[in-house]
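Descriptive analysis of the structure
Residue-level listing of the chains:
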Amino acid sequence: MKKILLIEDNEDVRENTSEILELSNYEVAVAENGKVGVKKALTFLPDLIICDIMMPELDGFGVLHAIQKNAELKNIPFIFLTAKTERSDLRKGMELGADDYLTKPFSGTELLNAVDGRLKKRALLKKELSSGMEGLQHLMKTSFGGSDLQTITEGRHTNTYQPHQLIYSAGNHPNQLYYVVRGKVKVSRINDDGKELVTGLYTSGDFFGYVAMLDGATYSASAAALEDTELATIPRDDFDQLIHQDQKIAQQFINLLAQMVAEKEEQLVNIAYNSLRRKVADALILLHHKFYSTSNDGEKSIDVSRGTLASVAGTAKESLIRTLSDFRAEALIEINQDRSITILDLKKLKGMIN
């Protein structure tokens, strides 16, 4: 059963809308204002959010901004409800990343059609970028069709990399797109003093190396495996055909680029202004969500070197180690015998005071 969060301050609209959705076999959670809505989104983790614009405490634009700042929530489809039809409001919502609008009053059919359309689109995108070779083949099939797919994938093999093995170096010219079948990859830059900053982390189901291919430049950073890793590749000619032949596929890579830019901007702000404790906490949270948040086998440990973790946090290795010791003394984390890290209190790490 799909979960929908409805954020609406008008009680009649809230009750009528939630009833229509529940009768259509959706699980519905409701919130009477934006502030309550954001809190419920964090615990309810809906498949879709429907949100009014004009509300007390926090308006709909504020809700959307908060949702998109959270790694667990930012890809959830978002539909605005509004009684205002001025173009400026519509434009502002779309610029912030809203997926659709419903103008009050709306019919039950209009509501259900909008919800069904957004959920189907999200399911399609997930399928096209799913993990494993099946996801890669589906992506190729979407653009080339069945017959061409056979030619493209015939004889295709994957490459395996050992921990710390280099995949490509900064300054090299790209000739293929990389897709992570299994394992973990870091992309990082090193300054003239030899200090490393991790700018990207990738795991099963992720594409990487496409930025240099899109702008026709050389790689600005280097990529290396963090553990035993298997990568599939799409040659540059095939990638160019993917981008130019199918607008839907091109839009997906544009979305990936936009997401990457937003993440880099946030990373720069955090490194420039956050305290050491907040930097280390954010790095632990990032690794937890990126690599382990979808695990179904209980607690998972963060198993990366202290140097890599320091590079993610944007701090010195010695400072990182001292901060980890403080976090362990505060029972926020556990440092295991193999030096891996288990997060004991994710909520307190997220609420770390800057």
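My aim in this report is to walk through the structure given alongside it, one point at a time. Predicted model only: the values in this text are computed from it and were never measured.

Another point: the sheet that holds strand E7 (residues 166-168). Pairing in this open sheet of four strands is antiparallel, and the strands run E7-E12-E9-E10 from one edge to the other. Of all strands in the sheet, those bounded by a partner on one side alone are E7 and strand E10 (196-203). Recorded for the sheet is a direction-independent mean angle of 30° between the axes of neighbouring strands. Direction of pairing for strand E9 (residues 184-190) relative to E10: antiparallel, over a ladder of seven bridges. Its bridge partner being in E10, Val 185 is matched across the sheet by Tyr 202. Taken strand by strand, helix H11 (residues 306-313) contacts E9 and E10, and its axis lies near 100° from that of E10.

Attention shifts here to the pattern of salt bridges. Using the criterion set out here, one finds eleven salt bridges in the structure. For the salt bridge of Lys 350 with Glu 72, the shortest nitrogen-to-oxygen distance reads 3.1 Å. On the criterion of sequence distance, the pair formed by Lys 350 in helix H13 (residues 346-350) and Glu 72 in the loop between helix H3 (60-68) and strand E4 (78-82) is long-range, its members being 278 residues apart. Overall, the relative accessible area of 37% leaves Lys 350 in the partly exposed class.

Residue placement: Arg 306 occurs in helix H11. In terms of polar contacts, Arg 306 uses its side chain to reach the backbone carbonyl oxygen of Arg 339, at 2.8 Å. Excluding its chain neighbours within four sequence positions, the residues that come into contact with Arg 306 are Lys 317, Leu 320, Leu 324, Ile 335, Arg 339 and Ile 341.

The rules behind these values
- As a convention, each chain's residues are numbered from 1 in the sequence order in which they are written.
- Reporting in this predicted model follows two pLDDT cut-offs: at least 70 for local features of residues, and 80 or more for side-chain atom pairs to be given and counted; totals over whole chains, interfaces and linings ignore these cut-offs and use all residues.
- Hydrogens and waters are ignored; side-chain quantities use all the structure's heavy atoms.
- Between any two strands, pairing holds if DSSP finds at least two bridges.
- The numbering of helices and of strands both runs from the N terminus, where a helix is a DSSP run of H or I of at least 4 residues and a strand a run of E of at least 2.
- Axes here mean lines fitted to C-alpha atoms, for a helix over just the part in contact, with angles spanning 0 to 180 degrees between N-to-C directions.
- Note on definitions: a residue-residue contact is assigned when non-hydrogen atoms from the two residues lie within 4.5 Å.
- Only one rule defines a salt bridge in this text: a Lys or Arg side-chain nitrogen within 4 Å of an Asp or Glu carboxyl oxygen.
- Summary of the burial criterion: residues with accessible area below 20% of their type's maximum are buried, those above 50% are exposed, and those between are partly exposed, where the area comes from a 1.4 Å probe applied to protein chains only.
- A 3.5 Å cut-off defines polar contacts: any pair of N or O atoms within that distance qualifies, except that in protein one atom must be a possible hydrogen donor and the other a possible acceptor, and neighbouring residues in sequence count only when both atoms are side-chain atoms.

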